[in-house]
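Below, each chain spelled out in residue letters.
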Amino acid sequence: MPLPENRTALIVGASRGLGLALANEYLKRDWRVIATVRGSRHTLLHDLAAASEGRLQIEMIDINARDDVANLRQRLDQRHLDLLFVNAGVAIDPDVAIGKVSTEDFVTVMVTNALSPMRVIEALHALVPPSGTIVAMSSDLGSVSDNVDGGWEAYRASKAALNTLMRSFAARHAGDPRSFLLIAPGWVRTDMGGPEAELSIEESIPRVVDTVSAQAGVPGLQYLDYQGRIVAW
Ligand code: NAP
């Protein structure tokens, strides 16, 4: 295992919310961080980079753009990623029942939350060494068996699809020594989670990072929440 100051994390989708906090938390823990934004507007991640003494590098990628993914893979060609964490995601109105969801919204949420994160993982996982970790940000709402309250119908389906695709990835990489994780960060006060959410970012993200760290070197796929508890599939 490299010394902490030599470890590198790639956080995909870090302009704000949980991704920004992940970048900040890994910097605090002495990692080098590559973190992504989409578009050229100034974000809080740029302020974090300016204060990072060169330890935070910003890359641009829209995960829904295949060329962006391929170009990022090329730019990072010689790099080792001890952690690949795909955090980017979108939600649509949680109260719209599936019959009322437009095809366009359904495609957007499915592509952004399920297909595109897997494309990023497929494109970049070869940069993650045998001791490394690959994480996709899931949700408690991605659990099929825990869906007793309903709501968030299209979003739930997209995270359940992400979970299934990660299981397929793990099955295809059976015997791989790397750690694969689907993380449920809790219901957190971000633009997506809204002001009524249970947890502050500070109550979630350090524990997400503790959970990911605790699984380093543990091979196979696990679906865990921010406190390290198993989430039912
Ligand atoms: P957020 O505040 O809305 O931030 C979403 C992040 O994803 C932003 O950085 C956004 O970039 C990025 N993103 C969205 N679409 C993208 C795309 N096509 N390409 C690249 N980046 C894209 O949401 P959040 O609450 O931090 O959520 C982060 C992750 O946690 C998501 O996967 C979400 O589903 C999951 N999650 C959140 C909660 C919660 O309660 N907050 C609970 C469970 C799971 P822009 O700034 O460019 O839009």
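Please read all numbers here as calculations on a predicted model, not as lab measurements.

(A) Quick peek at the overall build of the chain. The number of helices and strands found in the chain is 6 helices and 7 strands. Seen in sequence order, the chain has helices and strands lined up from the N terminus as β-α-β-α-β-α-β-α-β-α-β-α-β. Relative to the compact-globule value of 17 Å for 233 residues, the chain shows a C-alpha radius of gyration of 17 Å, a close match. Each principal axis of the C-alpha atoms in the chain carries an extent, and together these give about 50 × 40 × 35 Å. Counting only residues that meet the buried cut, the chain has 47% of its 233 residues in that class.

(B) Representation of the layout of surface pockets within the structure. In this model, the largest pocket occupies a volume close to 1,100 Å³. Counting residues per element, the lining of the largest pocket draws most heavily on helix H1 (residues 17-28), which supplies 3 residues. Here the residues of the lining of the largest pocket sort into 20 nonpolar, 14 polar and 11 charged.

(C) Fine view of the pattern of salt bridges. Following the criterion strictly, the structure yields 9 salt bridges and no others. Across the salt bridge formed by Arg16 and Asp191, the nearest N and O atoms sit 2.7 Å from each other. Of this pair, Arg16 sits in the loop between strand E1 (8-12) and H1 while Asp191 sits in the loop between strand E6 (179-184) and helix H6 (201-214), and the two are 175 residues apart along the sequence. Exposure remark for Arg16: the relative accessible area of 44% places this residue in the partly exposed category. Of the residues examined, Asp191 reaches a relative accessible area of 64% and is grouped as exposed. Among the charged side chains, a salt-bridge network with shared partners connects Glu25, Lys28, Arg29 and Asp210.

Rules of the game
Residues numbered from 1 in each chain as written. Predicted model: local features only at pLDDT ≥ 70, side-chain atom pairs only at ≥ 80, totals over all residues. Heavy atoms only, no water. Helix = DSSP H or I, 4+ residues; strand = E, 2+ residues; numbered from the N terminus. Rg over C-alpha atoms; globule rule 2.2 N^0.38 Å. Buried < 20%, exposed > 50% of the residue type's maximum accessible area, 1.4 Å probe, protein only. 1 Å grid on protein atoms, 1.4 Å probe; cavity = no way out; pocket = protein on both sides within 12 Å on 5 of 7 lines; lining within 4 Å. Points joined across faces, edges and corners; volume = space filled by probe spheres on them. Nonpolar A, V, L, I, M, F, W, Y, C, P; charged D, E, K, R; others polar. Salt bridge = Lys/Arg side-chain N within 4 Å of Asp/Glu carboxyl O.

Read these as spatial facts, not as claims about activity.
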